[in-house]
Amino acid sequence: MADLDLELAGPETVPDVADDGTWLTCIECGEQFAPFDDVIYTCAECDGLLEARYADRPTFEDFEGRGVWRYSAALPFEEGVTLPEGDTPLHEVPRLEEEVGVRNLRIKHEGMNPTGSFKDRGMTVGVRVAQEVDVDRLACASTGNTSAALSAYGSRAGLETLVLLPEGKVAAGKIAQAALHGARILEVDGNFDSCLDIVQDLADRDEAYLLNSLNPFRLEGQKTIGFEILERFYEDEGRYPDRIVLPVGNAGNTAALYKAFRELVQSGALAPGDVPKLTGVQAEGAAPMVEAIEEGREDTRRWEDVETIATAIRIGNPVNAPKALPGIRNTGGTAVAVSDEEITEAQRAIAGEGIGVEPASAASVAGLRKLRERGEIGAGEDVVCLTTGHLLKDPDAAAEAGSDPEPVPNDTDKVLAHLQGRDVGSGLLGKLVGLLR
Ligand SMILES: *Cc1c(COP(=O)(O)O)cnc(C)c1O
Ligand SMILES: [Zn+2]
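The residue count restarts for each chain, going from 1 along the sequence in the order it is written. For naming, the first written chain is A and the first written ligand is 1, with later ones following in the order written. With the structure being a predicted model, the display of local features is reserved for residues of pLDDT at least 70 and the display and counting of side-chain atom pairs for 80 or more, all residues being used for whole-chain, interface and lining totals. The side-chain values count all of the structure's non-hydrogen atoms but skip hydrogen atoms and water molecules.

Participant: Report on the sheet that holds strand β3 (residues 50–54), specifying residues and quantitative values.
Facilitator: Between any two strands, pairing holds if DSSP finds at least two bridges. Secondary structure elements are defined from DSSP: runs of H or I of at least 4 residues count as helices, runs of E of at least 2 residues count as strands, and each element is numbered from the N terminus. Read across the sheet, three strands follow the order β2-β1-β3 without closing on themselves; strand pairing throughout is antiparallel. In this open sheet, the two strands that pair with only one neighbour each are β2 (32–33) and β3. Two elements, strand β1 (residues 22–26) and β2, share two bridges in a ladder whose sense is antiparallel. Note on β2: the bridge partner recorded for Leu24 is Phe33.

Participant: So, the side chain of Glu228: which residues are in play, and what are the values?
Facilitator: Secondary-structure assignment places Glu228 in helix α7 (residues 224–237). For the exposure calls, accessible area comes from a 1.4 Å probe over protein chains only, and a residue counts as buried if that area is under 20% of its type's maximum, exposed if over 50%, partly exposed in between. A relative accessible area of 1% places Glu228 in the buried class. Within polar-contact distance, the side chain of Glu228 engages the backbone nitrogen of Asp87 at 2.7 Å. We call two residues contacting when some pair of their heavy atoms lies within 4.5 Å. Setting aside anything within four residues of it in sequence, one finds Glu228 in contact with Gly67, Tyr71, Gly86, Asp87, Thr88, Lys108 and Arg121. Whenever a nitrogen or oxygen atom comes within 3.5 Å of another N or O atom, the pair is scored as a polar contact, on the condition that within protein one atom can donate a hydrogen and the other can accept it, and that pairs from neighbouring residues in sequence are kept only if both atoms are in side chains.

Participant: Describe the nonpolar core, with residues and values.
Facilitator: Ranked by size, the top nonpolar core spans 52 residues in total, and within it Val127, Leu138, Leu150, Val199, Tyr209, Leu211 and Phe217 carry the most contacts. Those elements that place two or more of their residues in this core are β1, β3, α2 (119–132), β6 (137–141), α3 (145–157), β7 (160–166), α5 (192–204) and β9 (209–210). Every residue in contact with Val199, bar those within four places of it in the chain, is listed here: Ala139, Cys140, Ala141, Leu164, Leu210 and Asn212. Here, nonpolar core means buried Ala, Val, Leu, Ile, Met, Phe, Trp, Tyr and Cys residues that are tied together by side-chain atoms lying within 4.5 Å of each other.

Participant: Provide a residue-level description of the sheet that holds strand β5 (residues 104–109), including the pertinent values.
Facilitator: Strand pairing in a sheet relies on backbone hydrogen bonds, with the paired strands running either antiparallel or parallel. Ordered by their spatial adjacency, six strands build an open sheet running β4-β5-β13-β10-β11-β12, and the pairing between neighbours is mixed. Where the open sheet ends on each side, the last strands, each with one partner, are β4 (90–92) and β12 (335–338). Sheet twist, expressed as the mean angle between neighbouring strand axes with direction ignored, is 25 degrees. Here β4 pairs with β5 via three bridges, running antiparallel. Bridge pairing in β5 links Leu90 to Lys108. Strands in contact with helix α9 (residues 288–295) are β11 (277–283) and β12; relative to β12, the strand with the most contacts, it is inclined by about 135 degrees. Lines fitted to C-alpha atoms define the axes here, with helix axes fitted over just the stretch in contact, and angles between the N-to-C directions of these axes take values from 0 to 180 degrees.

Below is the structure:
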């Protein structure tokens, strides 16, 4: 049974600093802060991570309506800047389920959000808070999807948006989105972690409102992934999934899902034994969380050089590790690293079920496969894999992983001949082309 760290879920008495039943608490020293008076991202006393707390804790009966704002009982506001987001499909994948060998396998496809990633769930809440604290410039560091989401929600809200990206390391679709939605795009000669250092400095100097997952309110929006999975899986199967497998970059989602489960356990809506095991997957070339879990560490070591085809999780210093490591441990989950080849292979397998995801997303299925092979995940488990972003985010990776186009002459008979495996062209040249393919 899960050993949930419920102490983190806050005191029963609402502190004076609370605003309409919402406040912020430092997860390290317990200091409490007013949520919307001053702009704060980390603890003023000890620089620890902050977590949003509410006077009321949600039960399933409190949820009504659609999308992220269905869960407003667990959010700081009733509604926000919406496109709208959430309500993503929980796909059945019978062939993959059979191949992997678990009782149930579902894919929660977050690529079906408005800008094609789960980041939209965080932004609808985060930009609403930005309006509340009355800032005029939004900013984020990004491996791509955060900037795409922030640009869209920023423009929707009519706010100036600044995004800092690691030069040459962002997938084409994501930059295109940020560009068209009108963000100012700064390409930094450094990796994601350097971009985040700079944007945190800018935020500290009050030059911009930070919307990375260090911002505790973004994680409130992302919490709704956890609520949706529980509700939908229960509708289908009459029970909750045993395990949720997800890709891990900055570990914001891992922290957010853990918080969703703790809040439901606190309200009595979910039994501690029904909390899914949070299982994180990283790429071998960027796996500080896996290292921390394997070595039993309380924190992560910063990896300076990170590399992987899964650019969305190409992160060496996961800022939410202090929230996410307890989430993995206390739910009885684990973490595993997968190679780029395993990621690409999983991306193909998911695509074989009609679901198009970007490489980082496929890490979830690659990790599940590996843990099944090692016997760490049992055949009797109900598993949900989270796929975080859409295939079209990274068209180059998709084209690389998929089959090559076959050039054919502009002639039906020759097309037929080609399909039947005979020569395309005439003579030697055609044969050469065939050989080279
Ligand atoms: C942001 C992102 C991740 C990483 O999520 P974290 O919450 O930072 O761990 C994974 N996949 C995709 C597609 C993303 O955009
Ligand atoms: Zn503190």
